[in-house]
Amino acid sequence: MSAKPQVLEAIEPNERTGRLGAVPAELFERSDVKGMVRLVIHAGLLACTSVLLGASLGTLWAIPAMILHGVVLTFLFSPLHECIHATAFRRRGLNDAVAFACGFLLLLPREFFRAFHLEHHRYTQDPVRDPELSVKKPESIGEYLRHLSGLPYWRERVITLIRHARGRVTETFIPDTKQEMIVREARLHLALYAMAAIASIAAQSGVLLVYWVIPALLGQPFLRAFLLAEHTGCPCVADMRVNTRTTISNPVVHLLSWNMPYHAEHHAWAAVPFYSLPSVHQRVRDTITHTGRGYLSVHRELWRGLEKTS
């Protein structure tokens, strides 16, 4: 008789974490190959949208092409997020290198985001300790639209980068031992941005604007909408079956987001790589309270709730 497969229970980083049961230990296994395949696919899509954008310049098709390119570009947040958890690849150095590159393109430095995001996992939906709740969720239609515009994100990113580069690290989730590293990281990012801008001006080239800056602005609303669905409208309780939403979506969204629509599953087992989340979902889907049937459906629900309070 074969031995029963080993199972690992849901990770409990603190007393507030809920339990969703157990999953086989093999679902926690990490793979450089699987992570690299997904990264190459994402990079390939970005190359395709770049070609499409280049071919459409000077025509009205440039606008939708730039938006499409911007969506693929801003969803580099997905590999950044996965690498922050060190689950995209088996090797830590590979996770760190990819996270740095993606974070650079999104003005979201790797070590700062790591500290921010892991604190979010420790204290999910805790109004006092979850850093995602340090800025309140939209409570009116106007706030909702402003949030989706992405402008508050870019404003916060620029201000925080400059503040950190000046040596002012005030976030409570960053320990004293990491503050110097956060300062160096911010200074490195600003130096690289300055070098890119100077090189672009010297070459009298608009390539960075056309293929990076403007698309990033146009694509950010799609990422904001995606991220807003993860916890908004869920109660501020400890149980991850209740405080996090899983959203059933189409294969394109799952591809770009590296399976993060399975978000309750991700929060319950943060050490499970993205390619194993569909298997986890099949095991625990009946235990999750908030399951959205597509992002349009989730946002219609959020909109109706905001209409009632506006």
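Residues numbered from 1 in each chain as written. Predicted model: local features only at pLDDT ≥ 70, side-chain atom pairs only at ≥ 80, totals over all residues. Heavy atoms only, no water.

S.K.: Would you mind showing me how to read the overall build of the protein chain here?
M.R.: For the protein chain, the count of helices and strands is 14 helices and four strands. Over its C-alpha atoms the protein chain spans a radius of gyration of 20 Å, differing by no more than 12% from the 19 Å that the globule rule assigns to 310 residues. Taken across its 310 residues, the protein chain has 50% of its residues classed as buried. Here the analysis covers contacts within the protein chain between residues at least 6 apart in sequence; of these, 68% occur between residues at least 24 apart. Once the 33 positive and 26 negative side-chain charges of the protein chain are each reduced to a mean point, those two points are 3 Å apart. (Helix = DSSP H or I, 4+ residues; strand = E, 2+ residues; numbered from the N terminus. Rg over C-alpha atoms; globule rule 2.2 N^0.38 Å. Buried < 20%, exposed > 50% of the residue type's maximum accessible area, 1.4 Å probe, protein only. Contact = heavy atoms within 4.5 Å. Lys, Arg positive; Asp, Glu negative; His and termini not counted. Charge placed at Lys NZ, Arg CZ, Asp CG, Glu CD.)

S.K.: Help me out: how do you make sense of helix 13 (residues 277-284) in this one?
M.R.: Each turn of an α-helix holds 3.6 residues, which means side chains three or four residues apart point in the same direction. Among the residues of helix 13, Leu 277, Val 280, His 281 and Val 284 are the ones counted as buried. In a view along the axis of helix 13, the buried residues occupy a sector of 105 degrees, so they form one face of it. Residues of helix 13 that are buried in the fold lie against strand 2 (22-24), strand 3 (245-248) and helix 12 (263-268). (Arc of directions from axis to C-beta.)

S.K.: I would appreciate a short explanation of helix 4 (residues 92-105) in the present structure.
M.R.: The terminal C-alpha atoms of helix 4, which comprises 14 residues, lie 20 Å apart, in line with the 20 Å expected from a rise of 1.5 Å per residue. Within helix 4 the residues assigned to the buried category are Leu 94, Asn 95, Asp 96, Val 98, Ala 99, Cys 102, Gly 103 and Phe 104. The inward-facing, buried residues of helix 4 contact helix 1 (32-56), helix 3 (77-84), helix 5 (110-122), helix 8 (176-202) and helix 9 (207-228). Where helix 4 terminates, the next one or two residues include Leu 107, which has phi positive at roughly 60 degrees. (Expected span 1.5 Å × (residues − 1).)

S.K.: Would you explain unusual backbone geometry in this entry?
M.R.: For residues besides glycine, phi is generally negative; the peptide bonds are generally trans as well. In this model, Leu 107 sits at a positive phi of 60 degrees, which is unusual for a non-glycine residue. Relative to the assigned elements, Leu 107 resides in the loop between helix 4 and helix 5. The backbone of Gln 204 shows a phi angle near 50 degrees, a positive value even though the residue is not glycine. Its place among the elements puts Gln 204 in the loop between helix 8 and helix 9.

S.K.: Is there a simple way to think about the confidence of the model for the protein chain in this case?
M.R.: Regions with low pLDDT should not have their predicted coordinates read in detail. When the pLDDT values of the protein chain are averaged, the result is 92; 93% of them are 70 or greater. Under a pLDDT of 50 for its full length, residues 1-19 has, in the predicted model, 48 contacts with residues more than four places off or in other chains. (pLDDT = per-residue confidence, 0-100.)

S.K.: Which parts of the structure should I look at to understand the pattern of salt bridges?
M.R.: Side chains that carry opposite charge are capable of pairing whenever their charged atoms lie near each other. In total, this model carries 13 salt bridges according to the counting rule given. We note a salt bridge from Arg 122 to Glu 119, for which the minimum N-O separation is 3.2 Å. Here Arg 122 pairs with Glu 119, and both are found in helix 5, just three residues apart, close to one helical turn. For Arg 122, a relative accessible area of 36% gives the class partly exposed. Residue classification places Glu 119 among the buried residues on the basis of a relative accessible area of 14%. A single network of salt bridges, built from pairs that share partners, joins Arg 92, Asp 96, Arg 110, Glu 111 and Arg 114. (Salt bridge = Lys/Arg side-chain N within 4 Å of Asp/Glu carboxyl O.)

S.K.: Would you explain the packing of aromatic side chains in this entry?
M.R.: Two descriptors summarise a pair of aromatic rings, namely the distance from one centre to the other and the angle between the planes of the rings. A full pass over the atoms with the stated rule returns 13 aromatic pairs. Geometrically, the ring pair formed by Tyr 144 and Trp 303 is edge-to-face, given 5.6 Å between the ring centres and 80 degrees between the ring planes. One end of the pair, Tyr 144, is in helix 6 (residues 141-149); the other, Trp 303, is in helix 14 (residues 295-309), with 159 residues separating them in the sequence. Judged by relative accessible area, Tyr 144 falls into the buried class, the value being 6%. Overall, the relative accessible area of 31% leaves Trp 303 in the partly exposed class. (Phe/Tyr/Trp six-rings, centres within 6.5 Å; stacked < 30°, edge-to-face > 60°.)

S.K.: Which parts of the structure should I look at to understand the layout of surface pockets?
M.R.: The gaps of empty space that remain are located by a probe, the size of a water molecule, rolled over the atoms. Of the voids in this model, the largest pocket is the one considered here, and its volume is about 1300 Å³. Taken together, 44 residues form the lining of the largest pocket, with Phe 116, Pro 131, Glu 132, Val 135 and Arg 224 sitting closest to its centre. Only helix 3, helix 5, helix 6, helix 7 (151-165) and helix 9 provide two or more residues apiece to the lining of the largest pocket. Take the lining of the largest pocket: its biggest share by element is seven residues, from helix 7. Residues that form the lining of the largest pocket fall into these classes: 19 nonpolar, ten polar and 15 charged. (1 Å grid on protein atoms, 1.4 Å probe; cavity = no way out; pocket = protein on both sides within 12 Å on 5 of 7 lines; lining within 4 Å. Points joined across faces, edges and corners; volume = space filled by probe spheres on them. Nonpolar A, V, L, I, M, F, W, Y, C, P; charged D, E, K, R; others polar.)

S.K.: How should the environment of Leu 106 be read in this particular structure?
M.R.: Along the polypeptide, Leu 106 turns up in the loop between helix 4 and helix 5. Taking C-alpha positions, Leu 106 is 25 Å from Arg 30, a pair spaced 76 residues apart along the chain. Once you skip the residues sitting within four places of it in the chain, Leu 106 turns out to touch Leu 73, Thr 74, Leu 76, Phe 77, Leu 80, Tyr 153, Trp 154 and Arg 157.

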